[in-house]
Amino acid sequence: AGLIVAVWGALTTAVAANDSSAELATGGLVFVRNDDIEMRAEDLFISAEEVRVHYRFFNKSPRDVALRVAFPMPDITVAHQDENISIPTEAPDNFLQFSTTVNGRPVVAEIEQRVFARGLEQTGFLKELAIPLAPHLAATNAALDRLRPAERTEVLRRGLGEIEEFDAGKGMEKHLAARWTLKT
């Protein structure tokens with residue numbers, strides 16, 4: 001049920017921009033209006049297993065129009081140690097197993113991801129450190145644990161992580177854990 005609510009939240013964001021196209025700008029995804037394209041129909045199906053949305057667009061211009069259509073996914077935020085996030089796959093980028101088709105044919109979707117902490121974008125910094133952007137994955141925290149001391153200090157200073165202390169049966173351990181929001 002939580003996944004449906006999260007997906008519904010993402011779909012309502014996309015629905016608000018149905019007659020819009022999108023552009024990738026310096027700050028990320030920006031919705032723009034295209035007067036040549038009109039959405040004529042939207043069919044939404046939601047179940048416990050999947051969410052399907054079928055759109056029918058109409059080109060009002062006399063020429064072919066190519067544009068970017070965007071589908072924002074729910075943000076993933078790990079705010080504290082006891083955060084319980086359930087994602088259906090371990091895929092770091094296409095974590096909802098999103099697929100696109102046009103006229104029944106598969107289309108390769110581009111995935112744009114941005115990381116934010118303390119209101120600032122931090123994507124480039126994490127990429128420089130070769131840290132996976134998905135904060136909920138065990139692989140991400142393992143990569144954070146492998147950082148050199150100066151890098152760990154910078155991750156903490158930027159609000160991208162915090163030290164977790166726990167006993168996993170071998171005595172108390174300290175680990176650097178992800179604390180950011182991923183926008184996909």
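Scroll up to find the structure.
Structure report, in brief. Predicted model only: the values in this text are computed from it and were never measured.

Definitions and cut-offs
Residues numbered from 1 in each chain as written. Predicted model: local features only at pLDDT ≥ 70, side-chain atom pairs only at ≥ 80, totals over all residues. Heavy atoms only, no water. Core = buried A, V, L, I, M, F, W, Y, C linked by side-chain atoms within 4.5 Å. Buried < 20%, exposed > 50% of the residue type's maximum accessible area, 1.4 Å probe, protein only. Helix = DSSP H or I, 4+ residues; strand = E, 2+ residues; numbered from the N terminus. Contact = heavy atoms within 4.5 Å. Patch = residues over 30% accessible without salt bridge, like charges linked within 9 Å, V, L, I, M, F, W, Y side chains within 5 Å. Areas by Shrake-Rupley, 256 points an atom, 1.4 Å probe, with all protein chains shown as cover. Salt bridge = Lys/Arg side-chain N within 4 Å of Asp/Glu carboxyl O. Arc of directions from axis to C-beta. Phe/Tyr/Trp six-rings, centres within 6.5 Å; stacked < 30°, edge-to-face > 60°. Lys NZ or Arg CZ within 6 Å of the ring centre and 35° of its normal.

## Topic: the nonpolar core
Side chains of a nonpolar character, in soluble globular proteins, are inclined to be buried together.
For step 1, the next point in the chain: Core analysis: the largest hydrophobic core is formed by 21 residues, its most contacted members being L126, I131, L144, V155, L160 and W180.
For step 2, the next point in the chain: Those elements giving two or more residues to this core turn out to be β8 (114–117), α2 (123–128), α3 (138–145) and β11 (172–178).
For step 3, the next point in the chain: For V155, the residues in contact, after removing those within four places along its chain, are F125, L129, L144, L147, L160, G161 and L176.

## Some details on a nonpolar patch on the surface
For step 1, the next point in the chain: Residues F57, L67 and V69 make up a contiguous nonpolar surface patch of roughly 220 Å² in combined accessible area.
For step 2, the next point in the chain: Among the secondary structure elements, L67 is positioned in the loop between β4 (51–59) and β5 (76–77).
For step 3, the next point in the chain: Note on L67: relative accessible area 33%, which makes it partly exposed.

## Some words on α3
For step 1, the next point in the chain: Looking only at α3, the buried set comprises T140, A143 and L144. The buried side chains of α3 occupy one side of the element, clustering within an arc of 100 degrees when seen end-on.
For step 2, the next point in the chain: Tucked into the core, α3 has its buried residues touching α4 (149–157) and β11.

## Examining the packing of aromatic side chains
For step 1, the next point in the chain: For the structure on display, the rule yields one aromatic pair.
For step 2, the next point in the chain: Relative to F57, the ring of Y55 lies with its centre 5.8 Å away and its plane at 35 degrees, an arrangement referred to as tilted.
For step 3, the next point in the chain: For R52, the ring lying beneath its charged end belongs to F45, and the centroid distance is 4.2 Å.

So yeah, pure geometry; function would need other evidence.
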